[in-house]
Structures are given as structure tokens and as C-alpha cells.
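One-letter residues, chain by chain:
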Amino acid sequence: MRSLRSKPVDDRPGTRRRDGRGEVGSGVPVFGGLEFPGCEQVPMSAVQYEVCEEHVEFWDEAAGVAMIADSPGLGHEEPLGLLRGVVERIALERGARIGRFCAVSLIRHESRGLRRAMEPDECLYLYPDRANLPAGGALIVGESDPPDVVVEIDHTTDVRRGKLRVYQSWGFPELWVEVPDADPPTRRRRRLSGLTIYLLNADGEYEVASASRAFPGWRADEIHAAVNEPVITDPANAILRRVGTALGKRDGTGPDDDPLLRAHRRESRAEGRAEGIGEGRLRERVETVREILQARRVAMSPGFPSESCIAALAVASTADIVSASQACRDDADFEDLVRG
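None of the values given here were measured: they were computed from a predicted structure.

**Student:** Any chance you could break down the overall build of the protein for me, citing the residues and the numbers?
**Tutor:** The helix and strand inventory of the protein stands at 10 helices and 14 strands. In the protein, which comprises 340 residues, the share counted as buried stands at 46%. When contacts within the protein are restricted to residue pairs at least 6 apart in sequence, those whose partners lie at least 24 apart make up 65%. When the accessible surface of the protein is totalled, it reaches about 16,700 Å², and 50% of it is carbon and sulfur.

**Student:** Go over the nonpolar core, please, and point to the residues and values.
**Tutor:** If you look at the biggest cluster of nonpolar residues, it comprises 26 residues, and the most contacted ones within it are Leu-83, Val-86, Ile-90, Trp-176, Ile-197, Phe-215 and Trp-218. Among the elements of the structure, helix H2 (84-94), strand E11 (149-153), strand E13 (194-200), helix H4 (220-228) and helix H5 (234-251) are those that each provide at least two residues to this core. Sequence-distant contacts of Leu-83, that is, excluding residues within four places in its chain, are made with Arg-100, Glu-122, Leu-124, Val-151, Trp-176 and Val-227.

**Student:** Report on the pattern of salt bridges, specifying residues and quantitative values.
**Tutor:** Evaluation of the coordinates by the stated rule reveals 19 salt bridges. Of the charged contacts, one joins Glu-110 and Arg-108 as a salt bridge, the two residues approaching to 4.0 Å between their closest N and O atoms. With relative accessibility at 31%, the residue Glu-110 sits in the partly exposed group. A salt bridge links Glu-284 to Arg-281; the nearest nitrogen and oxygen atoms lie 3.1 Å apart. Residue Glu-284 and its partner Arg-281 are located together in helix H7 (residues 279-295), separated by three residues, close to a single helical turn. On the basis of relative accessibility, which here comes to 39%, the residue Arg-281 falls in the partly exposed class. Several salt bridges converge on common partners, so that one network encompasses Arg-219, Asp-221, Glu-222 and Arg-242.

**Student:** Just give me the short version of the packing of aromatic side chains, but keep the residues and values in it.
**Tutor:** Two aromatic rings are characterised by how far apart their centres lie and by the angle between their planes. Tallied over the entire structure, the rule returns 10 aromatic pairs. Aromatic pair Trp-170 and Phe-172: ring centres 6.2 Å apart, planes at 50°, arrangement tilted. Ring pairs connect the aromatic residues Tyr-167, Trp-170 and Phe-172, which therefore count as one cluster. The ring of Tyr-127 carries the charged tip of Arg-94 above its face, separated from the ring centre by 5.0 Å. Between the NZ or CZ atom of Arg-130 and the centre of the ring of Tyr-127, over which it lies, the distance is 4.1 Å.

**Student:** Please provide a residue-by-residue account of the sheet that holds strand E9 (residues 122-125), values included.
**Tutor:** Strand order across the open sheet formed by six strands is E6-E9-E11-E12-E13-E14, with mixed pairing between neighbours. The sheet is open, and its two edges are formed by strand E6 (99-101) and strand E14 (206-209), each paired on a single side. Strand after strand, the sheet turns through a mean of 25° between neighbouring axes, direction not considered. Taken together, the four bridges between E13 and E14 define a ladder with antiparallel strand orientation. Bridge pairing links Leu-199 to Glu-207 in E14. Packing of H4 onto the sheet brings it into contact with strand E12 (174-179) and E13, and relative to E13 it is tilted by some 130°.

What counts and how
Residues numbered from 1 in each chain as written. Predicted model: local features only at pLDDT ≥ 70, side-chain atom pairs only at ≥ 80, totals over all residues. Heavy atoms only, no water. Helix = DSSP H or I, 4+ residues; strand = E, 2+ residues; numbered from the N terminus. Buried < 20%, exposed > 50% of the residue type's maximum accessible area, 1.4 Å probe, protein only. Contact = heavy atoms within 4.5 Å. Areas by Shrake-Rupley, 256 points an atom, 1.4 Å probe, with all protein chains shown as cover. Core = buried A, V, L, I, M, F, W, Y, C linked by side-chain atoms within 4.5 Å. Salt bridge = Lys/Arg side-chain N within 4 Å of Asp/Glu carboxyl O. Phe/Tyr/Trp six-rings, centres within 6.5 Å; stacked < 30°, edge-to-face > 60°. Lys NZ or Arg CZ within 6 Å of the ring centre and 35° of its normal. Pairing = 2+ DSSP bridges. Axes fitted to C-alpha atoms, helices over the stretch in contact; angles between N-to-C directions.

Okay, structure coming up:
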């Protein structure tokens, strides 16, 4: 199929703009003042939208125009499963899958049945088995359940001046806007890399938050670091375990609810029981945990570790003990992590 952007288009003033300001004809705003920096405005009918193979940032059927990110050589904002690995780690630790959609159109029927549409980079559903999910590659706003988190990647664009306001008006509960560490030549110098979390408040407006509501305790800086690392490091893995454990604790699930992890953990426990662990070795493990928690300034109760925690230390792997020590927030949290 021939790309719409290679199709001859009337370039007279007001017909096609590179500043993404959403104005046509005499300059009257058709998007209620929305702006789409880094996008190219392209005339697009309903028929053209249905067959368009490009990533459409925003489409307005009434105006007959679309905004398409102008990022040659980057694909679209490098959306190739940005959160794939880290979300899967969290889901394993939680013991329940997390739904991810990387190619979905969000469509809302406006006045007279005319549509507006946007295409995010990723959508996350924490409870996909009981949600009314998008069908046929489209989420109809007001019919399908909204995602728990919508993810936008601002490599060359800036969703704050357009799409952010639309997401807010559509009532999407949580939006992550990621500006990757990679620095393409076309990025505006005023945009610093990092991830911003927007949470919808009781008044239906977005507020910037330091941590996710959907993924309890997962801070914006931790998410940004995780998705920009070429591999998942031990410290990052410890954070993902912490988040997955918090989700599982909230939902009553854990690693043993995942068939693969359950099998591995059973094998590990069986090996631990077969090999046995001496009292001296167990004391070493306890002291190691204390040293790590003290170095991290994690408060420990007088009775730490409890008998159940000591029993877990006797059969846990060294890697799991260190990971729990690095990820926990207090000694009770450590016990939950090491017991799994």
C-alpha cells in the first residue's frame, strides 16, 4: 500500500502544516486549541484512516485531518515493546498476567456520530481476564474498559500540548509520558529525558505524581531507568520483584500462582532440603541480611528475623535472599519477599 504521506497533497496555506497546530482554512482552530508539536498535519478521510498503515497520533473525522509524527528513521518513537521485559517480570512475581497492547486505536464518537481517534504506544491492563478489552485493534471509549495505564513515548513529539488534554477529557486514569535517554537529532533541546506520571484526580484533571497508582510504589524514576537499560540489572530486578510482590499482596497472589515459577521454586526448595544447611551457614545468611538492611538504613524490629523468616532463609537461594534484601522497604516486607 502506498503511504498517505507520499500521496500528493494540497500544500496551500491552511491545508497542511508541519507545526501540528491543528488549523485549517482561515486559521480557525478545529481541535479546540490542541497542538501537536513534532507532527505533520495530513488531510485524511474516514476511508483513508481505516486503511492507513502509519502511526496516527490524532485523527479528527469532522475536520478530515490527521496528525502524524514526523520522525524519519526512528519508526514511531521506538515503540517496540518498551515495557515488555519489565512488565513480564512484575507479572511473574505477582503470579498473574498483565495485558499489554502495543497496536490499538482509541476511538471516541463525538457529536453527530463523528469520531476522534488516537494511537498510544502501549496500553496496560492489570486484570485482563475480567476486563472488557479492545477488540479488532480498537478501543471504543465509553464501551471498552479503559486501560489501567496508557504509555506515550515522546521521542520527537510532545503530548503535553494536545494528547494529554484529550486523555484527560476521556477520563483515562493514569498516563505515563516517557522521554527516552536516546537523543535523536530532531528532539527539541528543552525536553529532558525522564518519565512523568499523570494521575486523574477526583475533579477529572491530571496531576503529576512521583509514583504509579496502578503499580503500587513504582516510582517514575525507577520506571524510566528500567525501560532505558539495555538489560535488566540485579538492582532493577529487585525493584520489579518489589512491585510484583506489592501487587500480589494486594490481590492475594504470588509466584507460586505462575506455573513456571512454581515448578522452579519447588525444585529449588527440594534441592535445599536435600543439601541441608548447617546452623553456621544459616547464621551467616542472617548476618548478611542484617548488614544489607543496616547499610540501606531499613528499620528492623527487635524480633527480626522471626522463626518463619529463618525457615525461609534456610531454603531460599542466595540470589533470592540478596534480591529481597535490596528490594524490601522494612523487615516485614523482606520476610514476604524471601518467602514468596
